[in-house]
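This is what each chain is made of:
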Amino acid sequence: MPLMLGSFMLTSVYGFTDSDKDGISDNVEYRLGLDPFKKNLPAQGTKENPSPECLPGTTMVDRYNFHVMNRLSFGPNAKLLREIEYHNGGDSWLIDQLEYPQVSKNDNIDTAQQKLNDFIFLSNGFGNSSALQTFATVRPLHSEHQLQVVMGRFWENHFNTEFKKHKNINSEMLESDAFYLNAFGNFEDLLNISAKSPAMLQYLDGFKSTKMKPNENYAREVMELHTLGINGGYIAQDIVALSKIFTGWSIQRDQDAEKCYRYRNIKGGDGIPLKKFVFYNKRHDKNNKIFLGKIITNKGQKEGKIALRMLARHSKTATFICQKLAKFFVSDKPTKDTINQCRKTFIDKRDESDQIAQVLKTLFRTDEFRHTYRNKIKDTQEYILSVARLLELNATKYRGKNQLQYLGRELFRTGQSFFDKPEPTGYAEASSFWNNTSVAMKRLQFVNHILLKKRKSALTRSYSLRNFFKREYGNEVTERDIIFYLLPITTGGYYTGEDVQRAYTLLNPSNEDRLKPFRLKEKNLRNLVSWLVSRAEFNVQ
Amino acid sequence: MKKTNMNRREFNTLATSLGLLTFGAPLKSILANENIENASIEGKKLIILSLHGGCDTLNAFIPKQDNEYKKYKEYRSNIAIRENMLALKNNDNFVLHGKLEGLQSIYTEGDLAFFPATHCLNKDQISRNVKANRSHFYQLDLFERAGTTGDDVTEYTGWLAKYLNSKGDIHPQDNDINAFDFYAEGRVFEGSRIPVLGLDNPGKIEIAKVKNLIEDELNHKVRHQQDLAFSTTQNALFKRLARLTNIPKEVEENDSYPKTTLGLQFKQTSKMLKQFEELEVVQLVMGGWDTHANQKNTQDKLFEDLDKSLKAFYDDNSGLDNVMVVVQTEFGRTLQVNGTNGTDHGQASAWFVIGGSVNGGQRGEWKSLTEYEEGDRYIEQKTDYRDILGTILEGHMGMSKNKVRNLFNGYKYTYNEDFIPSS
C-alpha cells in the first residue's frame, strides 16, 4: 500500500510516466540503461536463486558482502569493494583478514600511519588532543587490515583510558598500537598490555599505589569492566587483595625512547617525559593475600601476572568478553546460543596465541551473524569514519592542515572523540545508551559541515567528488555508474525504485530529457551524497 | 490537548504490527501502560537549571550575622564579598550577592525559597560523617539519576525519564514536545520511552539546512523494517523540530532576556511554554562555575547573567504561576580560599526554587560558620536534595508519594510543608 501510494505520487506530482510501475520514471530508466517496461525491484528470492530483473547490488550475495563490510570494517568504499571482489566474497575476505594480520610495526605496510605519527610529533608536540584524533583516524581510513583496526578500537575502548587524565600523547599512542598489533591475539596478553600501560597506570591511579596506601581503583575496574563483569562473583575483599597485589606497579621515565630523533625534535616536547612501566619492590606489599579463594604468597611483580592470569582464564571472563564481542559485531541483544559458542572457543583456545581470532571465527560462523543484517545502529565514530571512507578523505596530505584534523574536530563536536571518554566503561556497544534526538541532530550537522557548507572550510574545499568519480570511471562517467555505485554502498543493498528516482533527481535536477548529455556537477554530487549519508539506511549497519 | 493526525495513527499501527523496539522498550509494554492514571495536575511545569562546575553559593547567600560574617571573611580573605550586598526581607541570617538584584525582588514577592546546605547524602551517611564524591562527573551522574552517594547502579534511568515513563497517557509516536533538554549530553532523560528533544542551542542551529537533508525522506513511507530504529529517532527529531520552528510570530519575542547562552535558553523555554501546552519538564544548563582561580571576577559575570535571565523569565511568565524553577549545582566549594584566588570542590551548596506557588524564604537549615572547627573544609549538608524535588513533584506536579519514591529508587523523602504547603 505505501509503495503504490509512493509511485502514484511520483507520477502525478512530477507528471512522468512510469510504465512498469517500479517507482522509476521511463525517462530515467532510459538514461540509466534500464528497461522501462520491465519492473526493476530489489532482489527477492534465495541466495542461490535471486530474481533476474533485480536492481544492481541487491542480491542476497551482495547484501551479505555489504553486511560483512559494514560490521568488519569502517565501512565499504571503492577500494574495499575491489578487495571483496578479488577475494570472491566476504567470507574468504574475512578469513584472510583474520589469518594474515599485521604483526609488526616494521613490515612497512603502515607507512601512512608512520608518516603521520612523525608529522604529529614534529608539528603538534605533546598535550594536543586533536593530534591524537588525527592519529586514531588514519588506520580506519587507510589500513587494508580493516578487521584488525576494528578490533584494535574494540580493545582500546574495552580498556578505556582518558587522555586528559595524563596528557601524554605517547602513552596513548603506544597503548593503541599494542592493542592493534595484538588485536587477534591472546586475551591474557591484551590484559597484560593494559595493566602495564603507562596510560592505564596513570588513568586509574595504579602508579601511586603503595603498601602504605594501596589504591583500589584499578583493582576494582579490572574485575568489573575488563574481565569478570559486575556480577562476576568477586567480593570486596578480592578488590582489597588485588590492590595489594598490584602495589609497586608504577611508571618511570623512558630515557632510551627520549634519545630517539622523533622525540628530540618535538616542539617543547621535552617538558613532558616519555613513560614506561616499572616495578618498585620497596612499595610492594609482601604479606600473603587471599584472592578469589587462593592464597598468593610474596612473589613481587610476578603476583600481578598470576592474578591477571587467574582473571583472564576465569569462566566469567569468557562470558563477559564474548557477550561484549557479540554485542559489538552481531546485535545489541545477542542470543545465548551465539555467546555460548564463542565462550566455548574462548575457553578451549585460551593457551593459543590467536585465541581472539579463533573466537571471532566462531562468532562470524554463527547463524545469528550470518542472517541478521542491518539491526545495529552505527555509533558516532563508526558513522563519521564511514562517511570519511566513502568520500575517501586522505590522511597523508598534510600541507598546513590535513583533512583529518577537521575530522577530529567533527568527532569532538559530535561527542565521541577518541581517548576522550572520562568513564572507565568506554563507549557502550548497545545503542540504547546513546541513540537519541541529539545524536541524530549532530550527525545531520556534521553532513552539513562537511558537504554543504557555503563558506568553504578547508575540509569541504580539500576534496572533490567529481574527481573521485572521474578517477574511478574515467571521463565518460555516466549517471548509471554513479547511482548504482552509491545506492547499494550506502544502503547495504536495500533500496527501492523510488530511491533510484530520487537519487537521479538530485544528480541531474534540471535534465529530464533523455537525449541531452549528462554533465557532472560537484554541487549535485554533494547534494546526492549528503542525502544518502543522512538517511537512516546509512546510519545502520 | 493532543493533536490527532491520520498519518501518525497509520504509522502507529504499522509500527506495532512489526513489533518494533522503540527507545529500549517494546511498544507492547507502552501500550499496556496506557491505562495508568495521569497523575500530574494539568498545566504544571518544572524547570531544572543545573549550574555546572560546582557553584560557590556561599558567595550568593552570604552569612549576615556579625560573628559569622567575620568568620566568612577569615575563610575567604581577599575574595570575600565586602560591598553592595542586598538584604533579604525578614531574613536575619543571609544577604545576597550584589549582582543578584532580580532574585532579591523575587524574594520580596515571596516566590523564592532557598535551602542553603543541600547535598546528596542520606541520614545514615551524615551520621557516619561520610563525604560525598567530589568529582564533577560522578556528582552530575548521581543527580541525573536521583541517586545516593555510593549506591550501586546496575540499570541506569534518569529521574526525569522515570517521571515521563510514569505517565501513561503519553504515546511515544506522538509529536508532542513533553520535555526538552538543553544539556544534550546529559542523562537525566536517559531511558525515556518518549523521545526527548535534546539540543544544546536551538537558536543557533541552521534548522532549515539540516532539515532539507531528509525532509522528503521522512514523508517517504517506504522503509525497511531494519532501519526503523534510527529512522524513528530522526522522525521524532524532525516532527518536533518542525513544530519548534513554526512557533508563530504572535508568541511575542521578549527583548528583556540577556543575550547570553542562558538568556537564550530561558527565552526559548518561555516561547515553548507558551506554544506547547503539553511541555512539562525542561532542563537548562549553565557552565563555568568551576572557579578554581580568579573567582571574584568570574562569579560577578556569572551571577549577573544568572540573575538577569531568571528575572526576565519570571517577569515574562507573569510570576511563574504554574512553573517552578529549581536551581541546582553538583557541589558547593571549599570554605577556604585556595592559593589562586579561587575555591576547590566541596560538599553541600545552596539550592533555590522560584515559583508562584512556592512559600518563599529560607526553607532549609544551616550550620553557622562559627560552629565549624579548625580544619573543616566543607559546608555540612542540612537538606537532602530529594526532599526538595520530592516536595515539588508531590505538591506542585501532583504525583503520589509512591510514584515519587519510585523515581528516587525507593528513597523515603520528607515532604517539606513550609516550602509548599499541601492544600
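None of these values were measured; they are calculated from a predicted model.

**A look at the overall build of chain A**
For step 1, the next point in the chain: A count of helices and strands for chain A gives 30 helices and four strands.
For step 2, the next point in the chain: Out of the 541 residues belonging to chain A, those deemed buried represent 60%.
For step 3, the next point in the chain: In chain A, the share of contacts with a sequence separation of at least 24, taken over all contacts with a separation of at least 6, comes to 71%.
For step 4, the next point in the chain: A total of about 22,600 Å² of accessible surface is found on chain A, and carbon and sulfur atoms cover 51% of it.

**Some remarks on a positive patch on the surface**
For step 1, the next point in the chain: Judged by side-chain charge, Arg466(A), Arg519(A), Lys521(A) and Lys523(A) come together as a positively charged surface patch.
For step 2, the next point in the chain: Among the structural elements, Arg519(A) can be located in the loop between α28 (497-507) and α29 (522-534).

**Some thoughts on the packing of aromatic side chains**
For step 1, the next point in the chain: Applying the stated rule across the entire model yields 35 aromatic pairs over all chains.
For step 2, the next point in the chain: Note on Phe61(B) and Phe114(B): the rings are 4.3 Å apart at their centroids and 15° apart in plane angle, and the pair reads as stacked. One end of the pair, Phe61(B), is in strand β4 (residues 61-63); the other, Phe114(B), is in strand β7 (residues 112-119), with 53 residues separating them in the sequence.
For step 3, the next point in the chain: Here Phe61(B) falls in the buried class, since its relative accessible area comes to 4%.
For step 4, the next point in the chain: For Phe114(B), a relative accessible area of 0% gives the class buried.
For step 5, the next point in the chain: Seen from their ring centres, Tyr107(B) and Phe114(B) are 6.2 Å apart, and the 50° between their planes marks the pair as tilted.
For step 6, the next point in the chain: Residue class for Tyr107(B) comes out buried when judged on its relative accessible area of 8%.
For step 7, the next point in the chain: Grouping aromatic residues by their ring pairs yields a cluster made of Phe154(A), Trp155(A), Phe159(A), Phe179(A), Phe187(A), Phe328(A), Phe329(A), Phe346(A), Phe364(A) and Phe369(A).
For step 8, the next point in the chain: It is Arg139(A) that lies over the ring of Tyr180(A); its NZ or CZ is 4.0 Å from the centre.

**Some remarks on the pattern of salt bridges**
For step 1, the next point in the chain: Applying the stated criterion across every chain, the model contains 36 salt bridges over all chains.
For step 2, the next point in the chain: A salt bridge links Arg535(A) to Asp499(A), with the shortest nitrogen-to-oxygen separation between them at 3.0 Å. Highlighted residues: Arg535(A) in the loop between α29 and α30 (536-539) and Asp499(A) in helix α28, separated in sequence by 36 residues.
For step 3, the next point in the chain: One salt bridge connects Asp124(B) with Arg128(B), and the closest N-O pair in it is separated by 3.1 Å.

**Here's the deal with unusual backbone geometry**
For step 1, the next point in the chain: Residues other than glycine seldom take positive phi values, yet Leu292(A) does so here, at roughly 50°.
For step 2, the next point in the chain: Structurally, the position occupied by Leu292(A) is in the loop between β3 (289-291) and β4 (294-296).
For step 3, the next point in the chain: Residue Leu320(B) is not a glycine yet carries a positive backbone phi of 55°.
For step 4, the next point in the chain: Here Leu320(B) shows up in the loop between α11 (295-316) and β11 (323-329).
For step 5, the next point in the chain: The class of Leu320(B) is buried, set by a relative accessible area of 2%.

**Digging into the nonpolar core**
Burial of nonpolar side chains together is a common tendency in soluble globular proteins.
For step 1, the next point in the chain: Trp155(A) and Phe329(A) are the most contacted members of the largest nonpolar core, which has 131 residues in total.
For step 2, the next point in the chain: Examining the composition of this core, we find that eight residues originate from one element, helix α18 (residues 315-329) of chain A, more than from any other.
For step 3, the next point in the chain: Here this core gathers at least three residues from each of two domains, domain 1 (7-93 + 464-539) and domain 2 (103-371) of chain A.
For step 4, the next point in the chain: Once residues lying within four places of it in the same chain are set aside, the contact partners of Trp155(A) are Phe179(A), Ala183(A), Phe187(A), Leu190(A), Ile321(A) and Ile356(A).
For step 5, the next point in the chain: The next biggest cluster of nonpolar side chains, apart from the first, holds 75 residues, and it includes Met441(A), Val95(B), Leu199(B) and Ala312(B).

**A few points about the packing of helix α26 (residues 465-473) of chain A against α29(A)**
All names here are of chain A.
For step 1, the next point in the chain: At a minimum axis distance of 8 Å, the contact between α26 and α29 shows a crossing angle of 90°. Relative to α29, α26 is oriented roughly perpendicular. Each of Leu465, Arg466 and Phe469 in α26 lies in contact with α29, whose residues at this interface are Glu522, Leu525, Arg526 and Val529.
For step 2, the next point in the chain: The residue inventory of the contact of α26 with α29, partitioned by class, reads four nonpolar, no polar and three charged.

**Examining the side chain of Gln299(B)**
For step 1, the next point in the chain: Within the fold, Gln299(B) resides in helix α11.
For step 2, the next point in the chain: Dropping the residues within four chain positions of it, Gln299(B) is found in contact with Asp56(B) and Asn59(B).

**Some words on the side chain of Thr391(B)**
Residues and elements named next belong to chain B.
For step 1, the next point in the chain: For threonine 391, the position within the fold is in helix α12 (residues 385-396).
For step 2, the next point in the chain: Exposure remark for threonine 391: the relative accessible area of 0% places this residue in the buried category.
For step 3, the next point in the chain: In terms of polar contacts, threonine 391 uses its side chain to reach the backbone amide nitrogen of asparagine 416, at 3.1 Å.
For step 4, the next point in the chain: Not counting the four nearest positions on each side in its chain, threonine 391 is found in contact with Arg386, His396, Tyr413, Thr414, Tyr415, Asn416, Phe419 and Ile420.

**Quick notes on the domain arrangement of chain A**
All names here are of chain A.
For step 1, the next point in the chain: Along its sequence, chain A is organised into domain 1 (7-93 + 464-539) and domain 2 (103-371).
For step 2, the next point in the chain: Each partner contributes residues to the interface: domain 1 has eleven residues there, and domain 2 has 13 residues.
For step 3, the next point in the chain: Interface area, domain 1 with domain 2, both sides summed: about 1,100 Å², of which 58% is carbon and sulfur.
For step 4, the next point in the chain: Contact with domain 2 buries area across many residues of domain 1, yet Arg71, Leu72 and Phe74 alone supply 54% of it, more than any other trio.

**Structural notes on the sheet that holds strand β5 (residues 86-87) of chain B**
All names here are of chain B.
For step 1, the next point in the chain: With antiparallel pairing, three strands are arranged side by side in an open sheet as β4-β6-β5. Of all strands in the sheet, those bounded by a partner on one side alone are β4 and β5.
For step 2, the next point in the chain: Examined bridge by bridge, β5 and strand β6 (residues 94-96) share two bridges and lie antiparallel to one another. Its bridge partner being in β6, alanine 87 is matched across the sheet by valine 95.

**A short note on α18(A)**
The α-helix advances 3.6 residues per turn, and as a result positions three or four apart in sequence lie on the same side.
All names here are of chain A.
For step 1, the next point in the chain: An ideal rise of 1.5 Å per residue puts 21 Å on 15 residues; α18 measures up with 21 Å between its terminal C-alpha atoms.
For step 2, the next point in the chain: Within α18, eleven of the 15 residues are buried, leaving the element largely enclosed by the surrounding structure.
For step 3, the next point in the chain: Every buried residue of α18 is listed here: Thr317, Ala318, Phe320, Ile321, Cys322, Gln323, Lys324, Leu325, Ala326, Phe328 and Phe329.

**Some remarks on empty space enclosed by the protein**
Residue and element names in this part refer to chain A.
For step 1, the next point in the chain: Using the criterion set out here, one finds 19 cavities of 30 Å³ or more in the structure.
For step 2, the next point in the chain: The volume enclosed by the largest cavity comes to roughly 170 Å³.
For step 3, the next point in the chain: What lines the largest cavity is a set of 13 residues, among which Ala136, Val149, Gly152, Arg153 and Ser176 lie closest to the centre.
For step 4, the next point in the chain: Looking at the lining of the largest cavity, the elements that each hand over two or more residues are α7 (129-142), α8 (146-158) and α10 (169-181).

Calculation rules
Every chain's residues receive numbers from 1 upward, in the order its sequence appears when written. Chains carry letters from A onward and ligands carry numbers from 1 onward, assigned in written order. Local features in this predicted model are restricted to residues whose pLDDT is 70 or higher, and side-chain atom pairs enter the listing and the counts only when it is 80 or higher, whereas totals over whole chains, interfaces and linings include all residues. For side-chain calculations, the full set of non-hydrogen atoms in the structure is used, while hydrogens and water are omitted. Numbering of helices and strands starts at the N terminus; helices are DSSP runs of H or I of at least 4 residues and strands are runs of E of at least 2. In this scheme, a residue with accessible area under 20% of its type's maximum is buried, one over 50% is exposed, and one in between is partly exposed, where area comes from a 1.4 Å probe on protein chains only. Should any heavy atoms of two residues lie within 4.5 Å, those residues are counted as being in contact. Here, Shrake-Rupley sampling with a 1.4 Å probe gives the accessible areas, and only protein chains in the shown set may cover a residue. Exposure above 30% relative accessible area and the lack of any salt bridge qualify a residue for a patch; like charges then connect within 9 Å, and the nonpolar side chains Val, Leu, Ile, Met, Phe, Trp and Tyr within 5 Å. Salt bridge, as applied in this entry: a Lys or Arg side-chain nitrogen positioned within 4 Å of an Asp or Glu carboxyl oxygen. When charges are counted, Lys and Arg are positive and Asp and Glu negative, with His and the chain ends excluded. Note that the charge is assigned to NZ on lysines, CZ on arginines, CG on aspartates and CD on glutamates. Note on aromatic contacts: the rings of Phe and Tyr and the six-membered ring of Trp form a pair at centre separations within 6.5 Å, being stacked when their planes are under 30 degrees apart, edge-to-face when over 60 apart, and tilted otherwise. Placement of a positive charge over a ring is assigned whenever Lys NZ or Arg CZ falls within 6 Å of the ring centre and within 35 degrees of the normal to the ring plane. Working definition of a nonpolar core: buried Ala, Val, Leu, Ile, Met, Phe, Trp, Tyr and Cys residues. They are joined through side-chain atoms within 4.5 Å. Where each domain begins and ends follows an automated or database-derived domain assignment. Only C-alpha atoms enter the line fits that serve as axes; for helices the fit covers just the stretch in contact. Angles between N-to-C directions range over 0 to 180 degrees. Put simply, angles under 35 degrees are roughly parallel, angles over 145 are roughly antiparallel, angles from 65 to 115 are roughly perpendicular, and the rest are oblique. Each residue gets one of three labels, nonpolar for Ala, Val, Leu, Ile, Met, Phe, Trp, Tyr, Cys and Pro, charged for Asp, Glu, Lys and Arg, and polar for the others, Gly among them. Pairs of N or O atoms within 3.5 Å make up the polar contacts considered here, provided that, within protein, one atom can donate a hydrogen while the other can accept it, and that residues adjacent in sequence are counted only when both atoms are side-chain atoms. Buried area adds together the accessible area that both of two parts lose upon being put together, with accessible area traced by a 1.4 Å probe. Strands are labelled as partners when DSSP assigns at least two bridges between them. Helix span is expected to be 1.5 Å times the residue number reduced by one. A cavity, in this analysis, means grid points on a 1 Å lattice covering only the protein atoms where a 1.4 Å probe fits yet has no way out; a pocket is instead an open set bounded by protein on both sides within 12 Å along at least five of seven lines, and a residue lines either one if it has an atom within 4 Å of a point. Grid points are joined across faces, edges and corners, and a volume is the space filled by probe spheres set on the points.

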